[in-house]
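Here is how the chains run, residue by residue.
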Amino acid sequence: MTKLITYPLWMTYRLFPTIPVNDILYNIPPVIHLVLFIASLFCLALFTVTGNKKTILPLFFLEIATCLLDQNRWQPEIYLFIFLLFCYITINDEKKLLLCWQIIIVGSYFFSGWFKWHPQFISIVWERDILVKFFHYKTQNSLIIEAGYLIPLYEMLAGIGLCFNLFKRTSVLLIIVLHIFNLLWLGPFGLQSNIAVWPLNIIMPILVVNLFWNNEMNFKFFKNPFAILIITIIFWIVLPLSNKFGYWDDFLSSEYYGGHGVYCYIDIARTKVPKALSAYFIKSSVAQNSDSSLLSIQNWSYGELYVPSYPSARFYKKFAAQWYKTYDTTGKIFIVQTSDKKEITYITR
């Protein structure tokens, strides 16, 4: 469902540049993107209808191939799906598969909360989006504002609780409530925002119930770990921890609505960009002239592709090269580290 909703993301017939993982992939014809998209949907539909496991292996490689062609496709929910597939096709033992999937889910919730423990989450997501836009409640009360930190704490504790038989069912219920709230404030009756994650907020509670409600985490495998278990721990525990030191990307660390990271803007006149992009200009205090407008790459990505742009300086540098090549050479492109809005880096040709 997510892929159908975000179909422009998987094509090249769009204004937003395609940013492949490696420069050699820039020469891939647009029709290949379309073929990969259709083939992956066919394999997924075939598996859903028939349950034939032979469709999973080609689906996995199709997903990897299409994501290599555009780094913006490595959204957290897509990365999660690909890793679940990876475990499914590499593990034959059901108990081992269950454990790896459980670790992925625990890591996903824990680090989703971990990355919200940040002042930018409080100001951008909690105050602006939830309190003001959703609840229509504006306050200067410090207790209410600081109460926003209960959300990341809630997610982290719910994730950890899944590991222990005494707390797992309570954690499952907490997670169900969490996703109901997400659907309320992001969904059609709320802000109508980020439509790509609506299906995720329906699927995740179902997955959590199936994996944890009647199943314990089998820690005995840690005494003699198998290869895929080690790989899973590295990618869902170790590498997300290294994100704090800049060694692993946000979207590959279960960063959902953390409010921090890297944003990109173009300081350019509206008349110098395609008319379709005029809706993505914003007023911003980070502009050289406080009265000028900036083209927000985040808003552009949301507006055209229905997903946030990949929050990485590496990605935006490649984006800048494509912008200068395709659209305009006079605009000043810069990235902003939102942990400190004074930290601005201009990207030159």
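Keep in mind that what you see is a predicted model, and the values were worked out from it rather than measured.

**Student:** Just give me the short version of the side chain of T139, but keep the residues and values in it.
**Tutor:** Mapping T139 onto the fold places it in the loop between α6 (119-134) and α7 (142-146). What makes T139 buried here is its relative accessible area of 14%. There is a polar contact of 2.9 Å between the side chain of T139 and the backbone nitrogen of N141. Beyond its immediate stretch of four places on either side in the chain, T139 contacts E127, L131, I144 and I145.

**Student:** Outline a nonpolar patch on the surface, listing residues and values.
**Tutor:** On the surface, W117, L150, L153, L157, I160, F164, L166 and F167 cluster together into a nonpolar patch covering about 840 Å² of accessible area. With a relative accessible area of 34%, L153 lands in the partly exposed category.

**Student:** Lay out the nonpolar core in plain terms, naming residues and giving numbers.
**Tutor:** Core analysis: the biggest nonpolar cluster contains 81 residues, and C87, I105, L162, F212, L295, W300 and W323 have the highest contact counts within it. In contact with W300, not counting residues within four places along its chain, are L15, F16, P17, L277, Y280, L295, L305, F319, W323 and Y327. Of all hydrophobic cores here, the second largest spans 14 residues; its members include V125, I145, L186 and V197.

**Student:** Describe helix α13 (residues 313-326), naming the residues involved and giving the relevant values.
**Tutor:** Over its 14 residues, α13 extends 20 Å from the first C-alpha to the last, a length consistent with the 20 Å expected when each residue adds 1.5 Å. Among all positions of α13, only F315, Y316, K318, F319, A320, Q322, W323 and Y324 are buried. The N-cap of α13, judged by a side-chain oxygen 3.2 Å from the amide nitrogen of R314 a few residues on, is S312.

**Student:** Before we move on, can you summarise the packing of aromatic side chains with the specific residues and values?
**Tutor:** Taken as a whole and judged by the stated rule, the model has 30 aromatic pairs. Ring geometry for F60 and F61: centres 5.3 Å apart, planes at 75 degrees, overall edge-to-face. Between F110 and F111 the ring centres are 5.1 Å apart and the planes differ by 90 degrees, which places this aromatic pair in the edge-to-face class. Under the relative-accessibility criterion, F110 is labelled buried at 18%. In this structure F111 comes out as buried when scored by relative accessible area, which is 1%. Connected via pairs of aromatic rings, a cluster forms that spans F60, F61, W74, Y79, F83, F86, F235, W236 and W248. K96 extends its terminal NZ or CZ atom over the ring of F226, reaching a point 4.9 Å from the ring centre. The aromatic ring of F221 is capped on one face by K220, whose charged end is 5.7 Å from the ring centroid.

**Student:** Go over the packing of helix α2 (residues 30-50) against helix α3 (residues 56-68), please, and point to the residues and values.
**Tutor:** A pair of packed helices is captured by two measures, namely the crossing angle of their axes and the spacing between those axes. Viewed as axis vectors pointing N to C, α2 and α3 meet at an angle of 150 degrees, and their least axial separation amounts to 9 Å. Here α2 lies roughly antiparallel to α3, going by the angle between them. The hand of the α2/α3 crossing is left-handed. Contacts between α2 and α3 pair L36, A39, S40, C43, L44 and F47 from the former with I56, P58, L59, L62, E63, A65 and T66 from the latter. Across the contact of α2 with α3, the residue classes break down as ten nonpolar, two polar and one charged.

**Student:** Go over the pattern of salt bridges, please, and point to the residues and values.
**Tutor:** This structure, assessed with the given rule, holds eight salt bridges. Salt-bridge contacts for K133 lead to D129; the nearest nitrogen and oxygen are separated by 3.8 Å. Taken together, the residues K133 and D129, both in helix α6 and four residues apart, mark about one turn of the helix. Residue K133 is classed as partly exposed on the basis of its relative accessible area of 44%. Here the salt bridges share partners, and the residues they tie into one network are R14, D70 and R73.

Reading the values: rules and limits
Residues numbered from 1 in each chain as written. Predicted model: local features only at pLDDT ≥ 70, side-chain atom pairs only at ≥ 80, totals over all residues. Heavy atoms only, no water. Helix = DSSP H or I, 4+ residues; strand = E, 2+ residues; numbered from the N terminus. Buried < 20%, exposed > 50% of the residue type's maximum accessible area, 1.4 Å probe, protein only. Polar contact = N/O pair within 3.5 Å; in protein donor to acceptor, adjacent residues only side chain to side chain. Contact = heavy atoms within 4.5 Å. Patch = residues over 30% accessible without salt bridge, like charges linked within 9 Å, V, L, I, M, F, W, Y side chains within 5 Å. Areas by Shrake-Rupley, 256 points an atom, 1.4 Å probe, with all protein chains shown as cover. Salt bridge = Lys/Arg side-chain N within 4 Å of Asp/Glu carboxyl O. Core = buried A, V, L, I, M, F, W, Y, C linked by side-chain atoms within 4.5 Å. Expected span 1.5 Å × (residues − 1). Phe/Tyr/Trp six-rings, centres within 6.5 Å; stacked < 30°, edge-to-face > 60°. Lys NZ or Arg CZ within 6 Å of the ring centre and 35° of its normal. Axes fitted to C-alpha atoms, helices over the stretch in contact; angles between N-to-C directions. Parallel < 35°, antiparallel > 145°, perpendicular 65-115°, else oblique. Left-handed = near helix turned anticlockwise from the far one by under 90°. Nonpolar A, V, L, I, M, F, W, Y, C, P; charged D, E, K, R; others polar.

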